[in-house]
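An overview of the molecular structure
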Number of protein chains: 2
Amino acid sequence: MTATPFPVSEIVATRRPHRKDAARNYDALLAAAREAFAEHGAEASLEDIARRAAVGIGTLYRNFPTRRDLFESVYADEVNALCRAAVELADREPWEALTTWLDGFAGYMVTKRAIREALNDESDIFIACRESMYAAGGPLLERAQKAGVARADMDFGDLLRMVAGITATAFEDDAQRDRVLAIALDGVRTGR
Amino acid sequence: MTATPFPVSEIVATRRPHRKDAARNYDALLAAAREAFAEHGAEASLEDIARRAAVGIGTLYRNFPTRRDLFESVYADEVNALCRAAVELADREPWEALTTWLDGFAGYMVTKRAIREALNDESDIFIACRESMYAAGGPLLERAQKAGVARADMDFGDLLRMVAGITATAFEDDAQRDRVLAIALDGVRTGR
DNA sequence: GTTGAACCGGAGGTGTGCCTCCGCTACAGT
DNA sequence: ACTGTAGCGGAGGCACACCTCCGGTTCAAC
């Protein structure tokens, strides 16, 4: 009874235009947006995004009529990548699989600030993305819990928010971020 | 050899105007700014802040010539409150004292988003505030470490960033936030 | 009560972002 | 090669934020 982990990619793919130049612009916009959202959060300037993509502002609006459309597309892309990553961890040790995936969650999230803001968003697409992500990563936590290496009194949402919060914080350097994340995960681990 | 924990309050107090109406406006601005920064982060609209304080925009600029001046004042206020709280915890059990103070850190920080953005700021006042805060809270961690109830391989900066990150995240409700924070702090605790 | 200095508010100039609209461009199908 | 159409870019109107400036007001000292 596993929900298919990839209901989202199709939504995004559908919107991609057919013509060659149009498709190129579409991709450039997505890349620019990912960058801008990572830098300035969900309210990054749309005109700045168009500039980064070397594309007219009109083109941006044709592809993504609202800021939300653009944001959702970027978000969906990231989620898809994470879902794919989860599948490849099926044969690892439970605890290692979980933390490896969470590292990916922390790293892949170029849209860090934005992702945090979206974690409680209630729109259809975000709900779909969350479900997709839970379907992919949730089993990793469950497996660790059944193996007795992760505490049972927390759910996957708790874990994601913990990691998202810590990764989105400003640290002195990456080493400090990793250290703090490891400490917090120690709180999740049991039977040491 | 304890640094005095209150070098900051004077800086702020000095700027407060003498005249009665002026002082009232000053206070209203600080309160409005605290609220707005909490809601929209460090780039909240200054005109909105003036509106919330029921004060002309000119008055805002007279009291706080730059956005940074205003932000620093709010920040300093919060830090002062935290320093005072630390003193009152001297007679509690080491672990309880630490977590109680961290709860205060998490709660008092109405300027949550802002505080996270400021944790790595390098201006004079922010450095002073950080030192002040470290001077107040740092001993609580050290005491817990010496008592063997907190892990020794982390410093106070690590701890603050961990708590700040988690607190600044969007949760479903306060219960979830508390739960996640407690789990992360379990990672800090030793000898259970 | 008088008075002058401190303080007030908001009009208004400048910049920037949002979004629409439309004349021009270049692709794809024949 | 031709051509119709999907797609392009950016000018421009609107809204809002930043910040300055100054005529009018209010406090407090005498």
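Reading the values: the criteria
- Residues numbered from 1 in each chain as written.
- Chains lettered and ligands numbered in written order.
- Predicted model: local features only at pLDDT ≥ 70, side-chain atom pairs only at ≥ 80, totals over all residues.
- Heavy atoms only, no water.
- Least-squares fit on C-alpha atoms with pLDDT ≥ 70 in both.
- Contact = heavy atoms within 4.5 Å.
- Near = heavy atom within 4 Å.
- Polar contact = N/O pair within 3.5 Å; in protein donor to acceptor, adjacent residues only side chain to side chain.
- Helix = DSSP H or I, 4+ residues; strand = E, 2+ residues; numbered from the N terminus.
- Axes fitted to C-alpha atoms, helices over the stretch in contact; angles between N-to-C directions.
- Parallel < 35°, antiparallel > 145°, perpendicular 65-115°, else oblique.
- Left-handed = near helix turned anticlockwise from the far one by under 90°.
- Nonpolar A, V, L, I, M, F, W, Y, C, P; charged D, E, K, R; others polar.
- Buried area = accessible area lost by both parts, 1.4 Å probe.
- Salt bridge = Lys/Arg side-chain N within 4 Å of Asp/Glu carboxyl O.

The subject of this paragraph is the relation of the copies chain A and chain B. One copy of the chain maps onto the second through a rotation around an axis plus a translation along that axis. Structural alignment of chain A on chain B gives an RMSD of 0.2 Å, achieved by rotating through 180 degrees and translating 0.1 Å along the axis. Viewed as a symmetry operation, the transformation between the two copies matches a two-fold axis. Comparing contact sets, 96% of the residues at the interface of chain A also lie at the interface in chain B, consistent with an isologous, same-surface contact.

Around DNA strand D, 22 residues are found, and the nearest of them are A:R19, A:N25, A:T59, A:R62 and B:L46. Backbone sugar and phosphate groups make up 61% of those atoms of DNA strand D lying within 4 Å of the protein. Between DNA strand D and A:T59, the relevant distance is 2.6 Å, taken from a phosphate oxygen to a side-chain nitrogen or oxygen of the residue. Side-chain polar atom of A:R62 to a phosphate oxygen of DNA strand D: 2.4 Å apart, as the coordinates give it. Looking at the surface near DNA strand D, the elements with two or more residues in it are α2 (20–40) and α4 (57–63) of chain A together with α2 (20–40), α3 (46–52) and α4 (57–63) of chain B. Looking at which element gives the most residues to the surface near DNA strand D, the answer is α4(A), with four residues.

Let us now look at the packing of helix α6 (residues 94–108) of chain B against helix α9 (residues 156–167) of chain B. Relative orientation and spacing of two packed helices are given, respectively, by the angle between their axes and the distance between those axes. Residues and elements named next belong to chain B. Packing of α6 against α9 leaves a shortest axis separation of 10 Å and a crossing angle of 50 degrees. Taken as axis vectors, α6 and α9 run oblique relative to one another. As α6 packs across α9, the resulting crossing turns out to be right-handed. Across from L98, W101, L102, F105 and A106 in α6, the residues of α9 making contact are F156, L159, L160, V163, A164 and T167. Split by residue class, the contact of α6 with α9 holds ten nonpolar, one polar and no charged.

A few words now on the protein's contact with DNA strand C. As a structural note, the neighbourhood of DNA strand C is formed by 21 residues, with A:L46, B:N25, B:G58, B:T59 and B:R62 the closest of them. Within 4 Å of the protein, atoms of DNA strand C come from sugar and phosphate in 62% of cases. At 2.9 Å from a phosphate oxygen of DNA strand C is found a side-chain nitrogen or oxygen belonging to A:Y61. B:R62 is positioned such that a nitrogen or oxygen atom in its side chain is 2.3 Å from a phosphate oxygen of DNA strand C. If you list the elements that add at least two residues to the surface near DNA strand C, you get α2, α3 (46–52) and α4 of chain A together with α2 and α4 of chain B. Per-element tally for the surface near DNA strand C: the top contributor is α4(B), with four residues. Its residues placed into classes, the surface near DNA strand C shows seven nonpolar, five polar and nine charged.

The partner chain B presents 27 residues to the 27 residues of chain A that form the contact. Counting the surface lost from both chain A and chain B, the interface buries some 2400 Å², and carbon and sulfur atoms represent 51% of this. There are six salt bridges connecting chain A and chain B. Residues A:E172 and B:R161 are paired through a salt bridge, measuring 3.9 Å at the closest nitrogen-oxygen approach. Connecting chain A to chain B are eight residue pairs in polar contact (both at pLDDT 80 or more).

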